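One letter stands for each residue in the lines below.
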Amino acid sequence: LAGSNGSGKSTMLRCIAGIARFEGNIEVCGRPTTAGRELRRNIGYLPQSVMLPPHATVFESLAFFARLRGVAPSSTAVPPGFLPDRNARIGTLSGGQRQRLTLAIALLGRPPVVLLDEPVSNLDAAGREAVWATLREVRDDGATVLIASPSPADLAGVGDRTVLLHEG
């Protein structure tokens, strides 16, 4: 999904994830977005901004979200070396390192649907390529990956299709 600020990209992702109200019907993996926990087990969602406890470590954060999903912390689809040190405290991480961690959290349990809101916004060129490579692998493994970005150029070479939103 590409479009200018305020065009509805984030809102669309929240509607698909079942966390925003809307008129009409959306189904994910054959379930309506009103299916709650049943639906959310099939979705990995990375919002535009995520607040993690600054005193928690990388591993503690992964373990917490893994317990919520009912999966192992090691079940994320990120390659070796993608994450910062497992004992690093969230409060000491750079914005890019936090972004990598939140992507790993979204990919816990290898969900069949992945919704990402500006997943490379805090990353340098090497970090961006690492994220795009990871997402291509996730897609090639059969997941549906929906990415929101204000820049269609960001999505070049990653997606199969681009939808341009304009004024909602």
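This one's a predicted model, so the numbers in the text were calculated from it and none came from an experiment. (Residues numbered from 1 in each chain as written. Predicted model: local features only at pLDDT ≥ 70, side-chain atom pairs only at ≥ 80, totals over all residues. Heavy atoms only, no water.)

Peer 1: Mind laying out the overall build of the protein chain, listing which residues take part and the relevant values?
Peer 2: Looking only at helices and strands, the protein chain features six helices and seven strands. Going residue by residue from the N terminus, the α and β elements of the protein chain occur as β-α-β-β-α-β-α-α-β-α-β-α-β. Here the C-alpha radius of gyration of the protein chain, 15 Å, is about what a compact globule of 168 residues would show, namely 15 Å. Along the longest, intermediate and shortest principal axes, the C-alpha atoms of the protein chain span 45 × 35 × 30 Å. Going through the 168 residues of the protein chain one by one, you find that 41% of them count as buried. Across the protein chain, the fraction of contacts at a sequence separation of at least 24, relative to all contacts at a separation of at least 6, is 68%. Of the roughly 9200 Å² of accessible surface on the protein chain, 51% is carried by carbon and sulfur atoms. (Helix = DSSP H or I, 4+ residues; strand = E, 2+ residues; numbered from the N terminus. Rg over C-alpha atoms; globule rule 2.2 N^0.38 Å. Buried < 20%, exposed > 50% of the residue type's maximum accessible area, 1.4 Å probe, protein only. Contact = heavy atoms within 4.5 Å. Areas by Shrake-Rupley, 256 points an atom, 1.4 Å probe, with all protein chains shown as cover.)

Peer 1: Pulling in residues and values, what's your account of the side chain of N42?
Peer 2: Counting through the fold element by element, N42 comes out in the loop between α2 (37-40) and β4 (43-46). Non-local contacts of N42, meaning those with residues more than four positions away in its chain, are made with C29, R31, R69, P111, P112 and V113.

Peer 1: Any details on the pairing of strand β6 (residues 144-148)? Residues and values, ideally.
Peer 2: Direction of pairing for strand β5 (residues 113-117) relative to β6: parallel, over a ladder of five bridges. Residue pairing across strands places V113 opposite T144, the latter belonging to β6. Crossover connection from β5 via helix α5 (residues 125-140) to parallel β6: handedness right-handed. (Pairing = 2+ DSSP bridges. Right-handed = clockwise from strand over helix to strand, strands pointing away.)

Peer 1: Now, about the nonpolar core: what can you tell me, with residues and values included?
Peer 2: Counting residues in each nonpolar core, the largest one holds 32 residues, and the members touching the most others are L101, L103, L116, V131 and W132. Elements supplying a minimum of two residues to this core: α3 (58-69), α4 (95-106), β5 and α5. A total of five residues in this core trace back to one element, the largest contributor, which is α4. Residues within four places of L101 in sequence aside, it is in contact with L52, V58, S61, L62, L83, I90 and L93. Membership of the second largest hydrophobic core comes to 10 residues, among which are L39, I43, V113 and A148. (Core = buried A, V, L, I, M, F, W, Y, C linked by side-chain atoms within 4.5 Å.)

Peer 1: Explain the pairing of β5 to me, and be specific about the residues and the numbers.
Peer 2: In summary, the side chains of a regular strand alternate between the two faces of the sheet. Burial within β5 is extensive, with five of its five residues counted as buried. Burial of β5 is two-sided: the residues V113, L115 and D117 facing one way and the residues V114 and L116 facing the other way are all buried. By the bridge criterion, four bridges tie β4 to β5 in an arrangement that is parallel. Each residue of the ladder has a partner; that of I43, found in β5, is V113.

Geometric values such as these leave the question of function open.
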